[in-house]
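# A structural walkthrough
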Amino acid sequence: MAALQSFMDRVGTSSEAESMWLQNLSTFIHQHLDPGPCGSAHSAEVQSAAGGSCDHSLEELIASAVEKIQESSSSGGLPVSYRLLSISELLSQQRLACVSNLSWSTNQHRAWTEEAELSLPGHRALPRVHLLLIGWLREGRGGEWRLVDGSGSVRCELIRPSPLWMDRPVFLPHWNYIPHDATGQNQDRGSLELIGSPVLLCPRAEQPLATDPGGAELNGAVSVREAAALLRTRVRGQRLSVFGQVSSVCPLLEVSGSCFFFFSLMEDDQTVPVLVKGSRLWWSQCVCVGDSVSVSALRVCLMRGWRGKQLLSVAEGSHLHTGYAQLHTPIHTGDAQLHTPIHTGDAHLHTQLHTGDAHLHTQLHTGHSQSHHQHQSHPGRIPTEEAGPVLHSDRLLMDQEEAEPEEDAVQSAARIRRSRVISYQGTVTEVISEGAGLYVMDRKVGLCLAYQPSERRKLRAGDQVELHQVHFLYRPCPDLPPSMLCCCLGSSVRVTAFSRVGGASAGRCCPGDGVLPRLLLQKNRGMDQYLWSCHLASQLSNSLLPAPPSPAPPQCVCLLSWKLSETLWTSRGPGARDIYSEMLDVPHSCPLSQYQVDSSVPQLLSISELLQSLRSSCWSSVSLSSLLPSGGSSLSSSQINSALSWSCRTLTSDPQTGDGLRPRPLLLVGVLQLPSQRSAFRQTLQLRDATSAVGCVVTETAEEEDGGQRASFNTAWIGCLVCVRRFTMVTERFLQSEFPSYQHLDQDRFITSRTSRVYLQFSLDHLLILSPSVSMVTHLRRKRQESGCDVTQGTAADEDGADVTMTTVPEDGASQDCVSVVIQVMAKGGVAWRNTRTMTNEEGAGLDLGFSTTALLIGPAVCWGRDPKNEPMMQREVEPQRKEEVLLLFSGGSARWFPVLHSGCFYRLTAANTQQDPSVLIGCRVHSKKGVELHADSTLQVQPDWRFYTLTRPLLLPTWTQAPPPLVMSVSQVLDCRSETVTFMGLISDRLSLMDGKEHAGPRTSGVRLTVCDQSGWSLSVYLDLSHAPHPPGLLPGNRVLLSRFLRKLSRSGGVYCSQSPASCVTVMSLGDSCRLAPPPPSPSMHLAQWAVSSCVQAQVRGHVVCFLFLELQWSCSLCGSVYKQVCSSQCGSSSAVFQSRTKLVMDDGTAEAQVWLSGKQVQSLLRLADPQWEGLQRAVRVRGHISVTPRGRSLGTDGDSEDVLLHFLLSLCSSDVIRQQVSLTCRKLTNQSSEEVRRFNRGDRDFLTRMPRPLQLTCTHLDPP
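Here we summarise the structure given alongside this text. None of these values were measured; they are calculated from a predicted model. (Residues numbered from 1 in each chain as written. Predicted model: local features only at pLDDT ≥ 70, side-chain atom pairs only at ≥ 80, totals over all residues. Heavy atoms only, no water.)

### A closer look at the overall build of the protein
A tally of regular secondary structure across the protein gives 23 helices and 60 strands. The buried share of the protein, taken over its 1266 residues, is 54%. Accessible surface computed for the protein: about 56,800 Å², of which carbon and sulfur atoms make up 50%. (Helix = DSSP H or I, 4+ residues; strand = E, 2+ residues; numbered from the N terminus. Buried < 20%, exposed > 50% of the residue type's maximum accessible area, 1.4 Å probe, protein only. Areas by Shrake-Rupley, 256 points an atom, 1.4 Å probe, with all protein chains shown as cover.)

What follows is the structure, encoded as structure tokens:
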């Protein structure tokens, strides 16, 4: 106490607070700061010989600390508001990042905070604390610097440390503290960032260079050029002291348990590599590119890993001196450069450093995952000679954009480019993914550190970074900033100023253990593929994982993204890495020297992003006039509104095959599921991710010999996590309108309702299985057993990712008792709204979607101790003597099985939670009365929790199940047959919405008319009544559909058409290329005589015009259709009219004659009138509203004045060169006509009556241009 009082009297405290503060300082130093020798020497002998011994008593340290603290304080006195804190207290009590600066005033701190937050919007400056730290700077594990006191130690990050600071007692007036999430016992709970130089408490800390340990050896230091010459003539035991400028500093590596790093000294064009290992690893923070340094006691050694080349290596007696300047010329005489050899065999060094590339992927410690934005700062400039001038973002982008013109993303192909090696200085403005080593500098330039070992201190937003020997890549990944800086093992990364802001909240990125960088080292992939995989991992995290705070397994997402990139990436990697050549070779060569630029890299979208993009452009991308057929200006109001009631827009996922949503190919990742009760599509499967779900019309390739497409029926796909590589996006638009005429289409007030729906079309052949369901695993295993080869092609769930596969898509439910029965679906009805009373609606009856199927029971109900799913059939599931049909009724939740149940397929129906009671799967029969014969099948109401499993290749089937499937007709066979109910397949060539025309509710869509054709060109109209059923998706031109149990009918004109019945079902069997829709098969070409006896409805005919029988031109009211002559003749009040024209002519092809009706633009083409002439004719007719001409051979009949000029003009047209001209028409036949007629002929004074075939009555649908 007397010594303390004497010290306080000597300092001269002015208040009780200062006295108490000094007393606490003295107590703290006594408790936590041990006295001892300081300095970087490792032995007392060396210190004594150099005169550098520096022993301190605690009193001296206390006095020095008080003096240094007063000098550093902003007030110049004792900072009584600051508290001394031990290392253990700092690590255990300080949970938030903070900053402490003793020299700041309040105004200075406020200005510092404002500047920090303005430079990085969205970030908060580090909060200030009033804490002081005192301790010893010591060497830690792996070359790190640590601040040590009696309570513990903490890792220190320094900007530009001096070797003289090591093993010195220091006081830290300026520092940041960053806490860490330490999950392991050996991990640091936090680290210090020294934002200013530490204050040395040692009185003799700053020693002259000559008196520092090892300083005497520098008088004989040689230049780099001389050292390079000595390397070529190696002498065993030789020791060198070398001075020069640092040209490169390689990162710290750990290979086979040995830690080391390299730096190179340069003089003009000569470089000498220096190996640093052992107790000198802490030099890695002291050596900076551009510094002049000298190193003593270096030895020459041979490195076998570097093709047997020689380099310099540090020894136990080596010392580093920074800021070295050669004061006099050293004497270069023989043995003057030789020193007493240290007996450390060179063979030992060779053993430590000679490691193959096979160990590289397990020993290099690398960094993490990714996401992307852009940012900016004001980079400075670094003096350097090796890598050229230091660039900043504006200069970098300007130079590259001048050399690289913008290209079309669709047309440009993948190209190989060479990177540029540059130096760069800037500010980290965004951490894309700490785990993947991805950052953004200056808001414009990306930075990737994945090719380097993982640094103990991760970069933070706001760090100012200096990069040397870094590779500049331009547009290696279209999803990241176009300018990318990528560091290899020869690159130097140094933080020149620590960030002043706290870290942002962690986003969805690769985990901190660096899954993707480890895979990069293992697989030796290129940087372009790695960057795309990182972006893919970020997208998958957002689309597959639930929103925070739900737990998520990011390692699985990273593995899935890598597996997906390996499957989709076509280029090969750069090959195995040679780490020593990468760090030491001159000129430099590494895997980053070349990279691939491919603007057609697929782009992954979440389902919500896809739906939002399609819905936002649904109506904005279309003009209503473009939805009308040709000649739309001549359509009436009802025709316009009917044509606009339904339209669709199809886009392909690959813009090279059609119209695309984005300039790059699209990918979707999600789980295939059955539709939910709230889904907009109850008739299709749906693809779901964590953001949304979309309906999908799915087909697959049949396993039969023909290998054609069919509707998807395998339930094993349900629950699979898949990547859809090729698909079609369909947007169906439904419009209810009351447009009076074509001229009003730009007025939205006539639109009463406008809706749309979006769904996808794809084939299972274009899916990549990322994580199979349990049923799919069983299915693939059985296929492998049957084929005797590996059938997992097209799946990413191989053995390496099996553990990931089973965790990403959990299976529904646990194993439990159940009852099952095997069935074969014979027929399926369509989905419709039905009045049902289901278990979910106990209040009463109501409308719900439902359908029914007729199935054959293959065997009895079987009890199981677990769900058999789609395992092979057992003998006890088959009953050969039994042949019983059952009617399965689906409604409510059970109606979700509609997309996967198809005729002819076998399924196992399982019912869980039944206490193993087989009676639940036994259908109920209708009770018959006496004398009444019962023909009804038993019925079974399918419950919502029952499940169906497809049996793709069922064995042990009874012989009666091998009956041929029901006949599926073609369109031509339907036209020729006489059956009332038909099942046929055809290609949709046209679709037209039918309006009900009810006045009380306005016109609305009540059905659909499909025009279906086959390969022969024969076509048939099919009418679907949608008044009590949802609109089925997939009924698009180009798709092939199966129409089951439709009614074949004859129209009043004698034509054949089909209509829907309650038992009818429409199934999409194959998908057409809707984006590049090929024209339907042409109608068959026929002679008129042949067509007269054929049942063909539509055909192509060629012949010449014999004469005109009728020609009519008229302006009609667009609302009521009456003649419009200045005003509507029916006084309906309409102010719009349309011009209509029609004619009837006789044509002959040499075999027979036919009478053909033409209308609209066909009349103009037939009369050979140009557009100005046709418009002038319309103006002439508008005055009178209507004119008709009836030429009959040479006799002319009209309903107007015979002196009319317009009339004579039309007569001249009908009798001009138009007669006898050759025409080619596509016509439809009116079949309801008598086959013969009685004709009277005159020969002299005699009349003859004879029966002659009636001319064909045709309606032209298309007139080929002459």
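Having seen it, we continue.
### Considerations on unusual backbone geometry
Residue Pro 587 follows Val 586 across a cis peptide bond; omega there is 0°. Checked against the element boundaries, Pro 587 lands in the loop between helix H14 (579-584) and strand E25 (594-597). In the Ramachandran plot, Ser 256 falls in the positive-phi region, its phi being about 55° despite a non-glycine side chain. Its place among the elements puts Ser 256 in the loop between strand E11 (253-255) and strand E12 (258-267). We classify Ser 256 as partly exposed; its relative accessible area is 42%.

### Looking at the packing of aromatic side chains
In the structure shown here, the tally under the stated rule is 19 aromatic pairs. Here the aromatic residues Phe 851, Phe 890, Trp 897, Phe 898, Tyr 907 and Phe 948 are joined through ring pairs into a cluster of three or more. Just above the ring of Trp 619 sits the side chain of Arg 754; from NZ or CZ to the centre is 5.2 Å. Above the face of the Trp 646 ring, Arg 991 is positioned so that its terminal group lies 3.9 Å from the ring centre. (Phe/Tyr/Trp six-rings, centres within 6.5 Å; stacked < 30°, edge-to-face > 60°. Lys NZ or Arg CZ within 6 Å of the ring centre and 35° of its normal.)

### Observations concerning the environment of Phe 171
Turning to its location among the elements, Phe 171 is positioned in strand E6 (residues 169-172). As for Phe 171 and Leu 132, which are separated by 39 residues in sequence, their C-alpha atoms are 7.8 Å apart. Ignoring anything within four residues of it in the chain, the contact list for Phe 171 reads Lys 68, Ile 69, Ser 72, Leu 102, Leu 132, Leu 133, Ile 134, Pro 198, Val 199 and Leu 201. (Contact = heavy atoms within 4.5 Å.)

### Side note on helix H17 (residues 774-787)
Taking 1.5 Å of rise per residue, the 14 residues of H17 would be expected to cover 20 Å, and the 20 Å separating its terminal C-alpha atoms lies within 8% of that figure. Considered for burial, the residues of H17 that qualify are Ser 775, Met 776, Thr 778, His 779, Leu 780 and Arg 782. (Expected span 1.5 Å × (residues − 1).)

### Looking at the packing of helix H11 (residues 515-523) against helix H13 (residues 554-568)
Relative orientation of the contacting elements H11 and H13 amounts to 35°, with a least axis distance of 9 Å. Remark: the crossing between H11 and H13 carries right-handed chirality. Every residue of H13 that contacts H11 at Val 515, Leu 516, Leu 519, Leu 520 and Lys 523 is listed here: Gln 555, Cys 558, Leu 559, Ser 561, Trp 562 and Glu 566. Its residues placed into classes, the contact of H11 with H13 shows 7 nonpolar, 2 polar and 2 charged. (Axes fitted to C-alpha atoms, helices over the stretch in contact; angles between N-to-C directions. Left-handed = near helix turned anticlockwise from the far one by under 90°. Nonpolar A, V, L, I, M, F, W, Y, C, P; charged D, E, K, R; others polar.)

### Describing the environment of Val 276
Along the chain, Val 276 falls in strand E13 (residues 270-277). When its relative accessible area of 0% is taken as the criterion, Val 276 is described as buried. Separated by 22 residues in sequence, Val 276 and Leu 298 place their C-alpha atoms 9.9 Å apart. With residues up to four places along the chain from it excluded, the contact list for Val 276 reads Cys 259, Phe 260, Phe 261, Phe 263, Leu 281, Trp 283 and Val 314.

### With respect to helix H12 (residues 527-544)
Owing to its 3.6 residues per turn, the α-helix aligns residues three or four sequence positions apart on the same side. Here H12 is 18 residues long and its end C-alpha atoms lie 25 Å apart, about the 26 Å a rise of 1.5 Å per residue gives. Where burial is concerned, most of H12 is hidden: 16 out of the 18 residues are buried.

### With respect to the side chain of Thr 853
Topologically, Thr 853 is positioned in strand E38 (residues 846-857). Note on Thr 853: relative accessible area 1%, which makes it buried.

### Things to note about the pattern of salt bridges
Counted according to the given criterion, the structure contains 22 salt bridges. Among the ionic pairs, Asp 167 bridges to Arg 138, the shortest N-O distance being 3.3 Å. Linking Asp 167 in the loop between strand E5 (152-158) and E6 with Arg 138 in strand E3 (residues 131-139), this pair joins segments that are 29 residues apart in sequence. Overall, the relative accessible area of 12% leaves Asp 167 in the buried class. Exposure remark for Arg 138: the relative accessible area of 27% places this residue in the partly exposed category. The partner of Glu 144 in a salt bridge is Arg 146, and the shortest N-O contact between them spans 2.5 Å. The pair formed by Glu 144 and Arg 146 is uniform in burial state, with each residue classed as buried. Several salt bridges share partner residues, and in doing so they unite Arg 141, Glu 144, Arg 146 and Arg 456 into one network. (Salt bridge = Lys/Arg side-chain N within 4 Å of Asp/Glu carboxyl O.)

### Notes on the packing of helix H2 (residues 16-32) against helix H4 (residues 58-72)
Relative orientation and spacing of two packed helices are given, respectively, by the angle between their axes and the distance between those axes. Two numbers describe how H2 lies on H4: the axes approach to 10 Å, and their chain directions differ by 130°. Overall, the two elements H2 and H4 adopt an arrangement that is oblique. Crossing hand, H2 versus H4: right-handed. Seen from H2, the contacting residues are Trp 21, Leu 22, Leu 25, Ser 26, Ile 29 and His 30; seen from H4, they are Leu 58, Glu 59, Leu 61, Ile 62, Ala 65, Val 66 and Ile 69. (Parallel < 35°, antiparallel > 145°, perpendicular 65-115°, else oblique.)

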